[in-house]
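Descriptive analysis of the structure
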Amino acid sequence: MTDKSFQSETDTAVVAPTDRYRTIAADRTAAELEQEILARWTEDKVFERTQEYRDGQPRYVFFEGPPTANGRPGIHHVFSRTIKDLFCRHRAMSGFYVLRKAGWDTHGLPVEIEVEKQLGISGKQDIEAIGVEKFNQLCRESVWKYRAEWEKLSERIGFWLDYSDPYVTYSNNYVESVWWALKTLYDRDRLYRGHKILPYCPRCETALSSHEVEQGYRDVKDPSIYIGLDLVDGGDVRRRILVWTTTPWTLVSNVALAVNPELEYSELTRRSDDGAGTIILATSRAAAVLGDDYTDRWSTVALMSGSDLVGLRYTRPLDWVAFDTGKHEIIVGESFVSGDDGTGVVHMSPAFGADDYAAGQRNGLAFLQPVNGRGEFPADLPLVGGMFVKKADEKIITELRTRGVLWKAGTLEHRYPHCWRCDTPLLYYARTSWFVRTTAYKDAMLARNARVDWHPPEIGERRFGEWLTNNIDWAISRDRYWGSPLPLWICDSNSSHVEAIGSFAELAEKSGANVGEGFDPHKPYIDAHTWSCSVCHGTMKRTPEVIDTWFDSGSMPFAQWHYPFENVAKLEQNYPADFIAEGVDQTRGWFYSLLAIATGLDDALPHNTLSHRAATGEGVTAAPFKSVVVNDLVLDATGAKMSKSKGNVVDPWMIVEKYGADAARLFLVASSQVWVPRRFDEAAIRDTAGRFLLTFKNVYSGIFALYANFGWEPSDADPDVADRPLIDRWILSRLAAVESQADAALETYDATGAARAVMSFFVNDVSNWYVRQSRQRFYDVDGEDNRAAFATLREVLVVTCRLLAPIAPFLVDWVHYELEGTSAHLASYKREQRPERESGLETAMEHIRTLSTLGRAAREDAGVKVRQPLNRMVCVVPVAPLGTL
């Protein structure tokens, strides 16, 4: 209906409308309305007032996982930030003080690679050519490239954060707290130097941690080759042992073969060519390698156990690299060799593979590593000199064929780890690195994780829990430039003399450094600080590595407060977190680093101390977060993962300007449980969230505001609830039920359940039933029934605004301002005094609505139009339900 003077069917006087309640013009876009609300929030300082109103109340602690601002935010960030915001809004409306301290992740490979792209360079040689000082300065500037866009988008979608005092991981205070944590771990023998096989990026020339590797798997096609290597046993018959590999390039550094001593192996000869020689492989693999009908073409010469093969010698596939000291060209026995794939024989290259390395240590095998830090073979190597190892596979296969070693060649499609930032295939490479000894407290991490309220639970039990169960020590050092420097100084005369520095004051005391204004703890400046070794006559120099940026982000609970140097009370108030939320990719990223660091520091953090345990009676300390919500991927409309290369990335700005932030938020939350992948389809936004918001707007503008402006406003003349018609009491009873249901859902981190409950109530109960059944009551201005209808609908609208405010904060706040004169976000989520539910009335109305539905279906079957009056309708109702009407 349009906004015009109204004349009732019974009155002759024309009543002029007022403008007490503003209506929303039909042609006004969601974006325009939301911009009005944003301006009002700023003018009225609504966010600041939510903080002031709850100051001194019980705290609800939220940790903001820090984004890196040198890349643009995407639609998946709108999703994760909606989840964070809605639970914080709900808890604030429930009376808690919710601190929303913003943070920025500013170190690490993501930043370095972005600067390399800007400069048109690639790799460490190019970086060092322009100078570490200049490069790091550019990194410092790069991290703020899109800061304004991040803050603007956060504001635009209604994600309330305090950007006035954010934590910044490159700031001196933050770095100093990280140093304190590292020194604490070192002093507890939980930070050590080791030489191990590590996942290594040859482009970035640095090792990665296991949780970084998990983020970079890609489906690739690699060579799958079988080679036959001659045994050197002095016999007259040529005997070859079959070996399988998907990394031909590692054959250059082959030094041994491994078999499983417990497996059965078959020695076979061709039936059609007796005397030509034999081949040996695991019996369980013969059919897979030779064909299901291999027994028609091959006869068994002998069966043997793997232990019978141990100690035999063989001829190497390639002889391009001379041996270091150690055993070589020998078969060893290893239990990790499987009879389920390959040939049951594994080629050993101890420099490239964790199992190979460990077997090499156990068996004293030679160690060959003819590959430099860029993943290239030495220039003087035949055929493949100077080539990147993965690109050398084809030439190596050709050479194996020429030498008569290649048995057969094909390809294998499988998942292979790539660098999570530059997408380069990783190598498993023997490196010296610094490790956090997380395996020493794995059980403690598992115990803490068991107390975390995970949503969904299976992430904590399986994905995260299994990750912790199979935990390996955290390789924390990075051979890079822009990061928190590893605060370990090593004697240049004796590398066993190591000192960990835990504060800038300690550094000043040791080296005489001026750590006042202008002090920069980053490379290259930090490396100028040295001092004499206290044990010998050497000089203490800082180890050149920086740390894994995940250690930075995982230190935020304490480093954001510059703990333990100041703000001890603030940390005690704000640790552990009641709630965190991030995407599923952070299961082995931020979630893990938070838990690993906090557990490693143990009683050095508040609420982990022995006195706290004694006071609370808790034998196991809490994780750094009590509850976590994990959201899954946002896919494109076809169900494909979004990526720039596919051109299917959704621009969040386009979405919020076209449909509004409310629609985007409501769709992302209500379409399915947040931990289920969802397809981002514009049509679905219109048909679900958009249609609901239109219904809500129409009930307010087209019914309530339009007709209330003809003379109704709240007053003592409105009848009490008990004196109102049954339909009013019914909808208010339903409202109370939904109010409790939505609150309980949000209390238990079920945002989808809360959104769907309120949406279903408003569409089905309010719009489709209550308003339709009461429409005439709104037309008849004045009178007790008219006042009851307006008072009831107003209460329904006010409460619904508050129930939806955490999820879709704009439109409902606009309406709440009109109805109450203040923001819904300053109101209580639940009313202190709610009408008692009338369950009998709700049941009776449910029966009536069922009859209505059946009656409509009968009309359709009979071909009778809905508005055509009936002479008679007969309802046959079972006796038991009839008694409840």
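Rules behind the numbers
- Residues numbered from 1 in each chain as written.
- Predicted model: local features only at pLDDT ≥ 70, side-chain atom pairs only at ≥ 80, totals over all residues.
- Heavy atoms only, no water.
- Helix = DSSP H or I, 4+ residues; strand = E, 2+ residues; numbered from the N terminus.
- Buried < 20%, exposed > 50% of the residue type's maximum accessible area, 1.4 Å probe, protein only.
- Contact = heavy atoms within 4.5 Å.
- Areas by Shrake-Rupley, 256 points an atom, 1.4 Å probe, with all protein chains shown as cover.
- Lys, Arg positive; Asp, Glu negative; His and termini not counted.
- Charge placed at Lys NZ, Arg CZ, Asp CG, Glu CD.
- 1 Å grid on protein atoms, 1.4 Å probe; cavity = no way out; pocket = protein on both sides within 12 Å on 5 of 7 lines; lining within 4 Å.
- Points joined across faces, edges and corners; volume = space filled by probe spheres on them.
- Nonpolar A, V, L, I, M, F, W, Y, C, P; charged D, E, K, R; others polar.
- pLDDT = per-residue confidence, 0-100.
- Salt bridge = Lys/Arg side-chain N within 4 Å of Asp/Glu carboxyl O.
- Pairing = 2+ DSSP bridges.
- Core = buried A, V, L, I, M, F, W, Y, C linked by side-chain atoms within 4.5 Å.
- Phe/Tyr/Trp six-rings, centres within 6.5 Å; stacked < 30°, edge-to-face > 60°.
- Lys NZ or Arg CZ within 6 Å of the ring centre and 35° of its normal.
- Axes fitted to C-alpha atoms, helices over the stretch in contact; angles between N-to-C directions.
- Parallel < 35°, antiparallel > 145°, perpendicular 65-115°, else oblique.
- Left-handed = near helix turned anticlockwise from the far one by under 90°.
- Disulfide = S-S within 2.5 Å.
- Arc of directions from axis to C-beta.

1. Structural notes on the overall build of the protein chain
On a plain count of helices and strands, the protein chain comes out with 31 helices and 27 strands. Taking the principal axes of its C-alpha atoms as reference, the protein chain extends roughly 120 × 80 × 55 Å. Burial statistics for the protein chain: of 885 residues in total, 56% are counted as buried. Of the contacts made within the protein chain by residues no fewer than 6 positions apart, 78% connect residues no fewer than 24 positions apart. Approximately 37,500 Å² of the protein chain is accessible, and the part contributed by carbon and sulfur atoms is 48%. Charged side chains in the protein chain number 99 positive and 122 negative. The centres of these two groups are separated by 2 Å.

2. Focus on empty space enclosed by the protein
Within the structure shown, the criterion is met by 4 cavities of 30 Å³ or more. The wall of the largest cavity is formed by 13 residues, among which Gly108, Leu109, Arg478, Ile547 and Thr549 lie closest to the centre. Looking at side-chain class alone, the lining of the largest cavity contains 5 nonpolar, 3 polar and 5 charged residues.

3. Structural notes on the confidence of the model for the protein chain
Overall, the prediction assigns the protein chain a mean pLDDT of 91, with 95% of residues at 70 or greater. For residues 1–14, every residue scores under 50 in pLDDT, and the model assigns this stretch 25 contacts once sequence neighbours within four places are set aside. Taken together, the stretch residues 881–885 has pLDDT below 50 and engages in 5 contacts with residues farther than four places along the chain or on a different chain.

4. Side note on the side chain of Asp813
You can see Asp813 is positioned in helix α29 (residues 811–820). Among buried charged residues, Asp813 stands out as having no salt bridge; its nearest opposite-charge side chain is Arg40, 6.5 Å away.

5. Some remarks on the sheet that holds strand β22 (residues 539–542)
Two pairing modes exist for strands in a sheet, parallel and antiparallel, and in both the strands are linked by backbone hydrogen bonds. The 4 strands lie next to each other as β20-β19-β22-β21, forming an open sheet whose pairing is antiparallel. Both outer strands of the open sheet, β20 (498–500) and β21 (531–532), are each paired with one neighbouring strand and no more.

6. Brief notes about the nonpolar core
Core analysis: the biggest nonpolar cluster contains 127 residues, and Phe87, Phe680, Phe704 and Leu793 have the highest contact counts within it. Look past the residues within four positions of Phe704 in its chain and what remains in contact with it is Tyr21, Val699, Trp712, Phe790, Leu793, Arg794, Leu797 and Leu819. With 67 residues, the next largest nonpolar core counts Leu208, Trp420, Leu486 and Leu595 among its residues.

7. What about the packing of aromatic side chains?
Counted according to the given criterion, the structure contains 47 aromatic pairs. Seen in terms of ring centroids, Trp144 and Tyr170 are 6.0 Å apart; in terms of plane orientation they differ by 70°. Their pairing is edge-to-face. Of this pair, Trp144 sits in the loop between α6 (132–142) and α7 (147–156) while Tyr170 sits in the loop between β2 (162–168) and α8 (172–187), and the two are 26 residues apart along the sequence. Here Trp144 falls in the partly exposed class, since its relative accessible area comes to 22%. A relative accessible area of 14% places Tyr170 in the buried class. Across from the ring centre of Trp561, 5.1 Å away, lies the NZ or CZ of Lys101, which sits over that ring. Geometry around Tyr170 places Arg140 over its ring, the cationic atom sitting 4.7 Å from the centre.

8. Let's talk about the sheet that holds strand β17 (residues 474–475)
Sheet architecture is open: 4 strands sit in the order β4-β3-β15-β17, paired in antiparallel fashion. Of all the strands in the sheet, just β4 (206–207) and β17 have a single pairing partner and so form its edges. Bridge count for strand β3 (residues 191–201) against β4 is 2 bridges, and the pairing is antiparallel. Looking across to β4, one finds that Tyr200 is bridged to Ala207.

9. Describing the packing of helix α15 (residues 442–449) against helix α21 (residues 590–601)
Packed helix pairs are characterised by how far apart their axes lie and by the angle those axes make with each other. Axis separation between α15 and α21 bottoms out at 10 Å; the angle between their running directions is 120°. Judged on the interaxial angle alone, α21 and α15 are oblique. The handedness of the crossing between α15 and α21 is right-handed. Each of Ala444, Met445, Arg448 and Asn449 in α15 lies in contact with α21, whose residues at this interface are Tyr592, Leu595, Ala596, Ala598 and Thr599. A class-by-class count of the residues in the contact of α15 with α21 yields 6 nonpolar, 2 polar and 1 charged.

10. Regarding the pattern of salt bridges
Enumeration according to the criterion identifies 59 salt bridges in this entry. Across the pair Arg239 and Glu267 runs a salt bridge whose closest N-O atoms are separated by 2.8 Å. Here Arg239 is found in strand β6 (residues 239–245), whereas its partner Glu267 is found in strand β8 (residues 264–270), with 28 residues between them in sequence. Looking at Arg239, the relative accessible area reads 19%, which means it is buried. The class for Glu267 is buried, based on a relative accessible area of 7%. Asp765 is the salt-bridge partner of Arg849, the closest N and O atoms lying 2.6 Å from each other. Of this pair, Arg849 sits in helix α30 (residues 839–862) while Asp765 sits in helix α27 (residues 751–779), and the two are 84 residues apart along the sequence. For Arg849, a relative accessible area of 16% translates into the label buried.

11. So, the pairing of strand β9 (residues 278–282)
Most of β9 is tucked away, with 5 of its 5 residues classed as buried. Direction of pairing for β8 relative to β9: antiparallel, over a ladder of 4 bridges. Bridge pairing links Glu267 to Ile280 in β9.

12. Quick notes on the side chain of Ser672
Structurally, Ser672 can be placed in the loop between α24 (661–670) and β27 (678–679). Once residues lying within four places of it in the same chain are set aside, the contact partners of Ser672 are Pro677, Arg678, Thr752 and Arg756.

13. A few points about the state of the cysteines
On inspection of all chains with the given rule, the structure shows 0 disulfides. No disulfide involves Cys139; its sulfur sits 12 Å from that of Cys204, the nearest cysteine. Taking relative accessible area as the criterion, Cys139 reaches 0% and is therefore assigned buried. For the unlinked cysteine Cys201, the closest cysteine sulfur is that of Cys422, found at 3.5 Å.

14. Some details on helix α17 (residues 504–511)
Turning to α17, its buried residues are Phe504, Glu506 and Leu507. Down the axis of α17, the buried set is contained in an arc of 155°. They therefore lie on one face. Opposite its buried face, α17 presents the exposed residues Ala505 and Glu509, each directed more than 90 degrees away. Elements that come into contact with the buried residues of α17 comprise α8, β19 (488–491), β20 and β21. Looking one or two residues past α17, Gly512 carries a phi angle of roughly 80°, positive in sign.

15. Quick notes on α29
α29 sits mainly inside the fold: 9 of its 10 residues count as buried. Looking at α29, one finds that the buried residues are Leu811, Val812, Asp813, Trp814, Val815, His816, Tyr817, Glu818 and Leu819. Looking at the buried side of α29, the elements it contacts are α1 (30–44), α2 (46–54), α24, α25 (682–708) and α28 (784–804). Phi turns positive one or two residues past the end of α29, at Gly821, with a value near 80°.

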